[in-house]
Amino acid sequence: MMRAQLHCLCLLTLYLTAGYGQERKFSGPLKPMTFSIFEGQEPSQVIFQFKANPPAVTFKLTGETDGIFQIQPDGLLYHNKALDRETRAVHKLQVSTLDAYGATVEGPVPITIEVKDINDNRPTFLQPNYEGSVRQNSRPGKPFMYVNATDLDDPTTPNGQLIYEIIIQLPKINDVMYFQINNKTGAISLTLEGSRELDPIKNPSYRLVVSVKDMGGQNDHSFSDSTSVNIMVKENIWKAPEPVEIVENSTDPHPIKITQVQWNEPGAQYSLVEKEKLSTLPFSIDQEGGIYVTQPLDREEKDSYVFYAVAKDEMGKPLAFPLQIRVKVKDINDNPPTCPSAVTVFEVQENEDIGSNIGTFIGHDMDEENTASSVLVYKIVDQIPKLPKEGLFLVQTYSGVVQLAGQSLKKQDTPQYNLTIEVSDKDFKTLCHVEINVIDINDQIPIFEKSDYGNLTLAEDTAVGSTILTIRATDTDEPFTGSSKILYRIIQGDSEGRLGIDTDPQTNAGYVIIKKPLDFETVAVHNIVFQAENPEPLVSGVNYNTSSSAKFKLIVTDVNEAPQFSQRIYQAKIREDVAVGTKVGNVTAKDPENLDISYSLRDNTRGWLKIDPVTGEIFTTAPLDREAESLYRVQVMATEVGTHAKLSTKHTNFEEGLYSVPIRINDGGRPPLEGVVSLPVTFCTCVEGHCFQPAGHQPGMPTVGMAVGILLTTFLVIGIILAVVFIRIKKNEGKDTVESAQASEAQPLRN
């Protein structure tokens, strides 16, 4: 633009000079005027031609001429030297007209000359070298020093607009810049990488070369200057302290100082920030960075704390990254052992051998695990009754395993024993109660009420959780003991675990339920074998046999399940100016019965899209218009391809005889292909599943053998027709119009 303006001014000068003495453009009467002239132009440049009105015969120029501006007697105003905006940006002149006697006729009239700037001054840094320092881990983007440059050109024009840039960093590790500069203000700060990586031990100092350019740095003819910046890296004392341990339930006066943080410079404002939401944070910080615990802590309530210390400047802005403070609450033995329950009940068979395990008694202690405070010791301190003698039982000191110690027991002598077990840690003792019931030996096996529970047919969509069968076995051992309690399990026919059995503890009935969905396509028939067992082991020499097992056949029927899409919502983003026929996406559905699927679109209101019925690929069919609709929704239908047809009657008042039913079959091709077949159908009276016609009903009545032959022929013809239909449909890959197609749920496509 500047070149064009200069070029126009030069043309104007040549025109006025060449036309001197003739009628001139850029001339006019004497009146206040303002002219803009670029500095640095060659001298003797014409500015304007003023016209005088009689009796005026000459012109007079006064004001801030600086010996540069002159006016000729004929009113031609010009300058005889190049202008300099930096010397004077505006010249205030006055022009008057005089008569032949030197008297003023008009004026003086103010004439303003504005000197327009050109980029004739280079920017200059105020210092040839700058020195600065920064702390390691300082906040990225926070200035720690400035460089400054000046330019004498007009700051309101690009000539005086300065841009700063770091052009060299020494050393530069892994080609990563640790420093950055605000290109307008000259503020130097750390990058994110610099905040993380600066270390005075590795590199105590860095040298930068910073350049400054005028013209906004966007012009090839801009001027530039550079300066050197030396930066010292100081150690950062804003560091996270070591984790702190605080003994729980301290009785010392609070608050108690536990650690200290400190910012690199004085005047920082400190605060604590929670990492996790607590009802109250039992810690505080003073304005010297001292951190205190404000109340006694309980390890059993919370065993550790993590929070942050923050340092901010006087404006409330963070000075650096927050420091993580970790506090561990140290355990003391302040919790006695506890019993697992008010009374712990065990069972023992009357013929158990000495040393047999009766059960495991486990106490609890809320003190810290794997410390001396939580190690428990077990001891039997009382046995009631003491018959036939004391010391019939023992408990292992650390594991809590209760064993039979003295001799085998007999239920008729004593059916129940009550033990008192002392549980102790290093400082506390607790007494717990154990009840041991002597039970009859488990010498009887469970016996099913029947060995075969028959067949059951269920649809594959039968609800999970449904009870489908009740089974029952009996056991003649002592009721409500481990010897008579029955547990059922499936040992054959359900490898995928689709069934489960719940036992009623009062009646020992077993309820067979569906745990996982049945699947006709995976397994159509389950030959189930049940096993009934006791939780208590059988006595030696007694074993489970076939009386403890039963069988059951579960037949799963198919349900015509709708096709399922791989996802419920498909989204695509596309430019409105794409070519017609552009692919925008692809949908995929699967039929549980593995039938072929045909795709179609619904709610395609603008007709912008089409779908390949076989592959599910979606394409544009018309130009898209974002202003008309920026979010275009359509629904995709996945439909099973029909491979058979069903013929049924509309009423029952048919006369007996042979009927010929014409059937038209067509496909979904373009154009569709069709054919007509004739299906013979015989109507007769059915007796016990056989077609029966009374003798003499009509002439030529077929015999029973003939009727059977006709029926078989009819079935054969139907089978041939259906085979032809299936082959034709497969060949054309179209959608059969026979009304047996089932649509899946619609899926929206988002554009």
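Reading guide: rules and limits
Residues numbered from 1 in each chain as written. Predicted model: local features only at pLDDT ≥ 70, side-chain atom pairs only at ≥ 80, totals over all residues. Heavy atoms only, no water. Helix = DSSP H or I, 4+ residues; strand = E, 2+ residues; numbered from the N terminus. Buried < 20%, exposed > 50% of the residue type's maximum accessible area, 1.4 Å probe, protein only. Areas by Shrake-Rupley, 256 points an atom, 1.4 Å probe, with all protein chains shown as cover. Pairing = 2+ DSSP bridges. Axes fitted to C-alpha atoms, helices over the stretch in contact; angles between N-to-C directions. Core = buried A, V, L, I, M, F, W, Y, C linked by side-chain atoms within 4.5 Å. Contact = heavy atoms within 4.5 Å. Disulfide = S-S within 2.5 Å. Salt bridge = Lys/Arg side-chain N within 4 Å of Asp/Glu carboxyl O. Polar contact = N/O pair within 3.5 Å; in protein donor to acceptor, adjacent residues only side chain to side chain. Phe/Tyr/Trp six-rings, centres within 6.5 Å; stacked < 30°, edge-to-face > 60°. Patch = residues over 30% accessible without salt bridge, like charges linked within 9 Å, V, L, I, M, F, W, Y side chains within 5 Å.

### Considerations on the overall build of the chain
Alright, step 1. Secondary structure summary: the chain contains three helices and 52 strands in total.
Alright, step 2. Going through the 751 residues of the chain one by one, you find that 37% of them count as buried.
Alright, step 3. When the accessible surface of the chain is summed, it comes to about 42,900 Å², and 53% of that surface belongs to carbon and sulfur atoms.

### Quick word on the sheet that holds strand β21 (residues 283-285)
Alright, step 1. The strand order across the open sheet formed by three strands is β19-β22-β21, and the pairing between neighbours is antiparallel. Each edge of the open sheet carries a strand with a single partner, namely β19 (256-260) and β21. Strand after strand, the sheet turns through a mean of 30° between neighbouring axes, direction not considered.
Alright, step 2. Across four bridges, the pairing between β19 and strand β22 (residues 290-293) is antiparallel. For Thr259, the partnering residue across the bridge sits in β22 and is Ile291.

### Section: unusual backbone geometry
Alright, step 1. Residue Pro385 follows Ile384 across a cis peptide bond; omega there is -5°.
Alright, step 2. Here Pro385 shows up in the loop between β27 (377-384) and β28 (393-395).
Alright, step 3. Here the residue pair Leu387 and Pro388 is connected by a cis peptide bond, since its omega of -5° sits within 30 degrees of zero.
Alright, step 4. By the secondary structure assignment, Pro388 is in the loop between β27 and β28.
Alright, step 5. The residue Asn137 is not glycine, and still its phi comes out positive at about 65°.
Alright, step 6. Along the chain, Asn137 turns up in the loop between β10 (129-135) and β11 (145-146).

### Quick word on the nonpolar core
Alright, step 1. In terms of nonpolar packing, the biggest core is built from 24 residues, with Trp238, Val261, Phe283 and Val327 touching the most fellow members.
Alright, step 2. Listing elements by their share of this core, those giving two or more residues are β18 (244-247), β21, β22, β23 (304-312) and β24 (323-330).
Alright, step 3. Leaving out residues up to four positions away in the same chain, Phe283 has contacts with Ile246, Ile258, Leu272, Tyr292, Val293, Thr294, Leu297, Tyr305, Phe307 and Val327.
Alright, step 4. Listed in part, the 22 residues of the second largest apolar core include Ala149, Leu162, Val229 and Ile231.

### Here we look at the pairing of strand β6 (residues 76-79)
Note on strand geometry: in a regular strand, side chains alternate between the two faces of the sheet.
Alright, step 1. Of the two faces of β6, the one lined by Leu76 and Tyr78 and the one lined by Leu77 and His79 are each fully buried.
Alright, step 2. Bridge analysis of strand β5 (residues 69-71) against β6 gives three bridges, and the strand direction is antiparallel. Across the sheet, the residue bridging to Gln70 is Tyr78, located in β6.
Alright, step 3. Linkage of β5 to β6, two consecutive antiparallel strands, is achieved through a turn of four residues, within which Gly75 is found at a positive phi near 90°.

### So, the state of the cysteines
Alright, step 1. Applying the stated criterion across every chain yields a total of one disulfide.
Alright, step 2. Covalent S-S linkage joins Cys339 and Cys432, the inter-sulfur distance amounting to 1.9 Å. Judged by the torsion about the S-S bond (-90°), the Cys339/Cys432 disulfide is left-handed. Here Cys339 is found in the loop between β24 and β25 (343-349), whereas its partner Cys432 is found in strand β31 (residues 429-439), with 93 residues between them in sequence.
Alright, step 3. You can call Cys432 buried: its relative accessible area is 0%.

### What to know about the pattern of salt bridges
Alright, step 1. Applying the stated criterion across every chain, the model contains 20 salt bridges.
Alright, step 2. Ionic pairing is found between Arg299 and Glu300, a salt bridge with its closest N-O pair at 3.1 Å. Comparing Arg299 with Glu300, the two get one shared label, buried.
Alright, step 3. Two residues, Glu629 and Arg606, come together in a salt bridge whose shortest N-O distance is 2.7 Å.

### Considerations on the side chain of Asp331
Alright, step 1. In this fold, Asp331 is placed in the loop between β24 and β25.
Alright, step 2. Given the relative accessible area of 13%, Asp331 is considered buried.
Alright, step 3. Of note is the side chain of Asp331, whose polar atom sits 3.1 Å from the side chain of Arg299.
Alright, step 4. Within the structure, Asp331 has its side chain in polar contact with the backbone nitrogen of Glu368 (distance 3.1 Å).
Alright, step 5. If we skip the residues at most four places from it in the chain, Asp331 touches Glu248, Arg299, Glu300, Asp367, Glu368, Thr371 and Ser373.

### Focus on the environment of Asp440
Alright, step 1. Mapped onto the secondary structure, Asp440 falls in the loop between β31 and β32 (447-448).
Alright, step 2. It is 8.4 Å that separates the C-alpha atoms of Asp440 and Thr481, two residues lying 41 residues apart in sequence.

### As for the packing of aromatic side chains
Alright, step 1. Scanning the entire structure with this criterion turns up 18 aromatic pairs.
Alright, step 2. Here the aromatic rings of Phe448 and Tyr453 are separated by 6.3 Å at their centres, their planes lie at 75°, and the arrangement is edge-to-face. Residues Phe448 and Tyr453 agree in their burial class; the two are buried.
Alright, step 3. Look at Phe448 and Tyr488: their rings are 5.9 Å apart centre to centre, the planes differ by 45°, and that puts the pair in the tilted class. Residue Phe448 is found in strand β32, and its partner Tyr488 is found in strand β35 (residues 487-492); the two are separated by 40 residues along the sequence.

### Points about the sheet that holds strand β46 (residues 617-620)
Alright, step 1. The sheet built from three strands is open, its strands ordered β42-β46-β45 with antiparallel pairing. Pairing within the sheet leaves two strands with one partner each, and these edge strands are β42 (583-586) and β45 (609-611). When the angles between neighbouring strand axes are averaged without regard to direction, this sheet yields 25°.
Alright, step 2. Bridge count for β45 against β46 is three bridges, and the pairing is antiparallel. For Ile611, the partnering residue across the bridge sits in β46 and is Ile618.

### Observations regarding a nonpolar patch on the surface
Alright, step 1. Taken together, the side chains of Ile167, Ile168 and Leu170 present a nonpolar region at the surface, about 250 Å² in accessible area.
Alright, step 2. Looking at the element boundaries, Leu170 is found in strand β13 (residues 163-170).
Alright, step 3. Residue Leu170 is classed as partly exposed on the basis of its relative accessible area, which comes to 45%.

### Brief notes about the environment of Asp84
Alright, step 1. Position of Asp84 among the secondary structure elements: in the loop between β6 and β7 (90-98).
Alright, step 2. Considering only alpha carbons, one finds Asp84 and Ile118, 34 residues apart in sequence, at a separation of 9.4 Å.
Alright, step 3. Other than its neighbours up to four places away in sequence, Asp84 contacts Glu39, Val115 and Asp120.
Alright, step 4. A polar contact is formed between the side chain of Asp84 and the backbone nitrogen of Glu86, at a distance of 3.2 Å.

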